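Examination of the molecular architecture
In case you want the letters, here they are:
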Amino acid sequence: MNRYQKLSALDRELTLYLPPSYHHSDRCYPVAYVQDGGDSFMDCLNYLEHLFKDGRLGELILVGIATENRNDEYTPWLAKSLLEGRPPFGGRGREYVDEVADRIKPYIDERYRTLPEAEHTGIIGASFGGLISMFAGYWRPDTFGRIGMLSASLWYEGVMEFIRGHEKLPPGLRVYMSVGQYEGAYKQGIQQFMTPSNLEAYRIWTGKEGADSRVRLHVDPDGTHDPIFMSRRFPDAVSWLFAEDGRGAEKSRAAAEHDASTAGQAVAAEGIRGIPETAGPAYRISGTVTWSMQSESTGRVYRISVAEPMGPPPECGYPVLYSLDANASFGTLAEAVRLQSRTPRGITPSIIVGIGYDSDSPIVTDERFYDYTVPAAAHELPVRPNGMPWPETGGAEDFLDFIELQLIPRIASRYPVNPEKQSVFGHSLGGFFVLYALFTRPHIFRRYIAASPSVWWKQHALYKTWEVSKPFLQPFDLQRELSIFVGTEEKPAMVQDARDLYEKLREHRHLLHTELHEIEGEGHVSVLPSLVSPLLRLISS
C-alpha cells in the first residue's frame, strides 16, 4: 500500500504524505515542504513512522515539490556555470519561493488539516534544495519558520557575502544544518568551500559564543556530498525543527534508560525469540556525574564529566586530574581509577575531571582547534592532510580563563580537594595547550602532562612563549613538574620535537622538573591507553 500519493496541482507535481493517525483523528498537523519531489523523506519513511510510534517525533504532513530545473529554481540569482558549455544558473529562486508560499501552501492548507502558522511550517532541502530553503527563511519568514538545510550549497557565488551582510536570522526562525566533513574536499573550484561555508554561516548566525539556540549544526565526520548522507539527516532535521521544546525529539537519558530497562524486562517476561534477555539500560560508568557548563566570557558550552573517588579523602584532600578531550579519554580514565584505587593496596583515591563537548564523536575537531591553540594565520601552518582549510584557532586564553576561574572553583566547592595536587593532561593539540598553560600560568597546576604535544603549531611558537615567560617565572614552594610522553612509532618529527623540547627545558631544573617518556612500539593514538596507569600514579603521588 502506498503511504504517499502523487498530486498534479497548480502546474506542479506534488508528493503528499499524511501521517498514520490522519484518517483516524480530527487534529491538525505541522507541515514540511520538501524540495526535489520529497526524495529526502521517501528514502526514510519506515524510520519516520518508527519515530512516530516510539513517541520521539510528533506526526506531521510532508509535501514533496518537484522541479524540472533545480539549477534555475533553487538558485537565488544569476551566476555563471561551473562547467564550460553548460547554461548559467537561472537565479529564479525568489519566484519559486513565492510560488510555494502564495500558491502551493494555501492549496495544501485548504484541503488538509494543517497548522498554517509559520512556527508550524517548515521548508527543507538538500544541496541546492537546502540553499533555496535558507533563502525562503530570509525572504518569507512570515510563512516558513522552520528551515532544514541538508548539505546546503552555500558555496554558490555571492551567498556568503549575503550571509555576512545580514548576520542575524529573521526573528522566530529555527534552522537545522548538516554537512559532511569531506564535502567539496576534492573539488578544485568554488565548490571546495562547501564545508567551510556551512561552518562559517553557523558561526555568523550563532555568534562567536555559539549562543543562539535556534540553530543546530551536525557535521558528519565521514560525510561526502551524496544522497546517502543527506537523507540520513532528514529525520534529525524534522525531529529538531518541530520539537516543541527546541531540543529535538530525543528523550532524556533517564527516560531512555527507563524505557530500555522496561523493554528488557518485557522481553524476558514474554520470552520473545531473537532478542537477548540481557537487553537493558545503556552502559554507564558507576560513580560518574556529568553536567554542562558555559564559559562566562565566551558563552561556549562544555560537557564536564567527573569520576568521583571511591574512598574517603586523604587528610589534605583528593588529588585532581583535569583531562582534555574527554569525549575520547574520560571513560578509560574513569574506569581505571575506579579499579586501581580499590583498597587495601590501591593508589590514592583521586578525582578525574573530563572537559569535553556535546558530541558523540571522540575527537571534536573544530571545538578543540579553537580552544587548544593560540591564533595562527594560514601561512604559519602546514597544509592539512585532507587539503581543507584549518578551523578557527586562537581560543587558548579564553579556555584557560574558563578552567581557572570557573571550573576549578566549581570542583573545589563540591569536593574536598588538595590544591597542591592539581594536574592537567592533554594529548596532541591538547598537549600543546598543556605546555602553553605551563609557560603562561604555572600557578594553576602542580603537574603538567603533555602526550604527543603539537610543538610544531604555528612554527614552534611555544619556544617564543617560553623565552618571553621564563624571566617572570619564580621557583614555587612546590616545584612544578612536566611529564612529556611520546610513542616511538609516531612521526619522526613528533618524536624529535618532544626530545628537543625536553633538552631545552631540562636546562632550567631550578624552575621546572621535566621528564621525557618514550613509549616503545606505540603510535600517535595507541600511545593513549598505555599512559593511563603511569598517569594515575603521577597525579596521586
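Please read all numbers here as calculations on a predicted model, not as lab measurements. (Residues numbered from 1 in each chain as written. Predicted model: local features only at pLDDT ≥ 70, side-chain atom pairs only at ≥ 80, totals over all residues. Heavy atoms only, no water.)

Tallying secondary structure elements over the protein chain gives 16 helices and 16 strands in all. Once the C-alpha set of the protein chain is aligned to its principal axes, its extents read approximately 80 × 65 × 40 Å. For the protein chain, the proportion of its 541 residues judged to be buried stands at 51%. Counting only carbon and sulfur atoms, one obtains 51% of the accessible surface of the protein chain, whose full area is about 25700 Å². Within the protein chain, one finds 55 positive and 70 negative side-chain charges whose respective centroids are separated by 3 Å. (Helix = DSSP H or I, 4+ residues; strand = E, 2+ residues; numbered from the N terminus. Buried < 20%, exposed > 50% of the residue type's maximum accessible area, 1.4 Å probe, protein only. Areas by Shrake-Rupley, 256 points an atom, 1.4 Å probe, with all protein chains shown as cover. Lys, Arg positive; Asp, Glu negative; His and termini not counted. Charge placed at Lys NZ, Arg CZ, Asp CG, Glu CD.)

The next subject is the pattern of salt bridges. All chains considered together, the criterion is met by 32 salt bridges. One salt bridge connects Asp 366 with Arg 203, and the closest N-O pair in it is separated by 3.9 Å. With Asp 366 in helix α11 (residues 365–371) and Arg 203 in helix α7 (residues 194–206), the pair connects residues that are 163 residues apart, well separated along the chain. Linking Asp 371 and Arg 300 is a salt bridge whose minimum nitrogen-to-oxygen distance equals 3.1 Å. Of this pair, Asp 371 sits in helix α11 while Arg 300 sits in the loop between β9 (288–294) and β10 (301–307); the two residues are 71 residues apart in sequence, bridging distant segments of the chain. (Salt bridge = Lys/Arg side-chain N within 4 Å of Asp/Glu carboxyl O.)

Further remarks concern the nonpolar core. Ile 304, Tyr 322, Val 353, Phe 399, Leu 407, Ile 411 and Tyr 448 are the most contacted members of the largest nonpolar core, which totals 58 residues. Discounting residues that sit within four places of it in the chain, Phe 399 has contacts with Tyr 302, Leu 324, Ile 355, Asp 371, Tyr 372 and Phe 433. Grouped together as the second largest cluster of nonpolar side chains are 51 residues, Ala 9, Val 100, Val 175 and Met 194 included. (Core = buried A, V, L, I, M, F, W, Y, C linked by side-chain atoms within 4.5 Å. Contact = heavy atoms within 4.5 Å.)

Let's shift gears to helix α6 (residues 159–166). Of the residues making up α6, those classed as buried are Val 159, Met 160, Phe 162 and Ile 163. Viewed along the axis of α6, the buried residues span an arc of 155°, placing them on a single side of the element. The inward-facing, buried residues of α6 abut α5 (128–139) and α7. Remark: Glu 167 follows α6 within two positions and exhibits a positive phi of approximately 60°. (Arc of directions from axis to C-beta.)

Before going further, it helps to spend a moment on the sheet that holds strand β8 (residues 215–220). Strand order in the open sheet made by the eight strands is β1-β2-β4-β3-β5-β6-β7-β8, with mixed pairing throughout. Strand pairing shows two members of the sheet lacking a second neighbour, β1 (4–9) and β8, which therefore form its edges. For this sheet the average axis-to-axis angle between neighbouring strands, irrespective of direction, equals 15°. In this structure, strand β5 (residues 121–126) lies alongside strand β6 (residues 146–150), joined through five bridges in parallel fashion. (Pairing = 2+ DSSP bridges. Axes fitted to C-alpha atoms, helices over the stretch in contact; angles between N-to-C directions.)

On inspection of all chains with the given rule, the structure shows 28 aromatic pairs. For the pair Tyr 138 and Phe 162, a centre-to-centre distance of 4.9 Å together with 90° between the ring planes defines the contact as edge-to-face. Of this pair, Tyr 138 sits in helix α5 while Phe 162 sits in helix α6; the two residues are 24 residues apart in sequence, bridging distant segments of the chain. The residues Tyr 138 and Phe 162 share a single accessibility class, namely buried. With 5.0 Å between their ring centres and 50° between their planes, Phe 399 and Phe 433 make a pair best called tilted. Placement of Phe 399 in helix α12 (residues 396–414) and of Phe 433 in helix α13 (residues 429–440) is noted, with a sequence separation of 34 residues between them. Accessibility classification places Phe 399 together with Phe 433 in one group, the buried group. What links up through ring pairs into an aromatic cluster is the set Tyr 302, Tyr 357, Tyr 372, Phe 399, Phe 402 and Phe 433. The residue whose ring lies beneath Arg 113 is Tyr 22, and the NZ or CZ to ring-centre distance is 4.1 Å. Lying over the aromatic face of Trp 240, Arg 174 brings its terminal NZ or CZ to 5.5 Å of the ring centre. (Phe/Tyr/Trp six-rings, centres within 6.5 Å; stacked < 30°, edge-to-face > 60°. Lys NZ or Arg CZ within 6 Å of the ring centre and 35° of its normal.)

So, about the packing of helix α2 (residues 45–54) against helix α8 (residues 227–241). Look at α2 against α8: their axes get within 10 Å of each other, and the N-to-C directions meet at 35°. The handedness of the crossing between α2 and α8 comes out as right-handed. Contacts between α2 and α8 involve Tyr 47, Leu 48 and Leu 51 from the former and Phe 234, Pro 235, Val 238 and Ser 239 from the latter. Classifying every residue of the contact of α2 with α8 gives six nonpolar, one polar and no charged. (Left-handed = near helix turned anticlockwise from the far one by under 90°. Nonpolar A, V, L, I, M, F, W, Y, C, P; charged D, E, K, R; others polar.)

We now examine the sheet that holds strand β12 (residues 351–356). Taking strand neighbours across the sheet as the criterion, the eight strands line up as β9-β10-β12-β11-β13-β14-β15-β16 in an open arrangement whose pairing is mixed. Across the chains shown, the open sheet's two edge strands, defined by having one partner strand only, are β9 and β16 (512–519). The mean inter-strand angle of the sheet, taken between neighbouring strand axes irrespective of direction, is 20°. Where strand β11 (residues 318–323) and β12 come together, four bridges link them in parallel fashion. Paired with Ser 323 across the bridge in β12 is Gly 354. Across the sheet, helix α16 (residues 527–540) is in contact with β11, β12, β13 (417–427), β14 (447–451), β15 (480–487) and β16; its angle to β13 comes to roughly 165°.

Attention shifts here to unusual backbone geometry. Even without glycine at this site, Lys 458 takes up a positive phi of about 55°. In this structure, Lys 458 sits in helix α14 (residues 457–469). The class of Lys 458 is partly exposed, set by a relative accessible area of 24%. Phi at Gln 459 takes a positive value of approximately 55°, unusual for a residue other than glycine. Relative to the helices and strands, Gln 459 is located in helix α14. Owing to a relative accessible area of 52%, Gln 459 belongs among the exposed residues under this scheme.

With that settled, consider α12. Here α12 contains 19 residues, and its C-alpha end-to-end distance of 26 Å stays within 8% of the 27 Å for a straight helix at 1.5 Å per residue. At Ile 403, α12 is bent by approximately 30°, the largest bend along its length. Residues Ala 396, Phe 399, Leu 400, Phe 402, Ile 403, Gln 406, Leu 407, Ile 408 and Ile 411 constitute the buried set of α12. (Expected span 1.5 Å × (residues − 1). Bend = angle between axes of the 7 residues up to and from the residue.)

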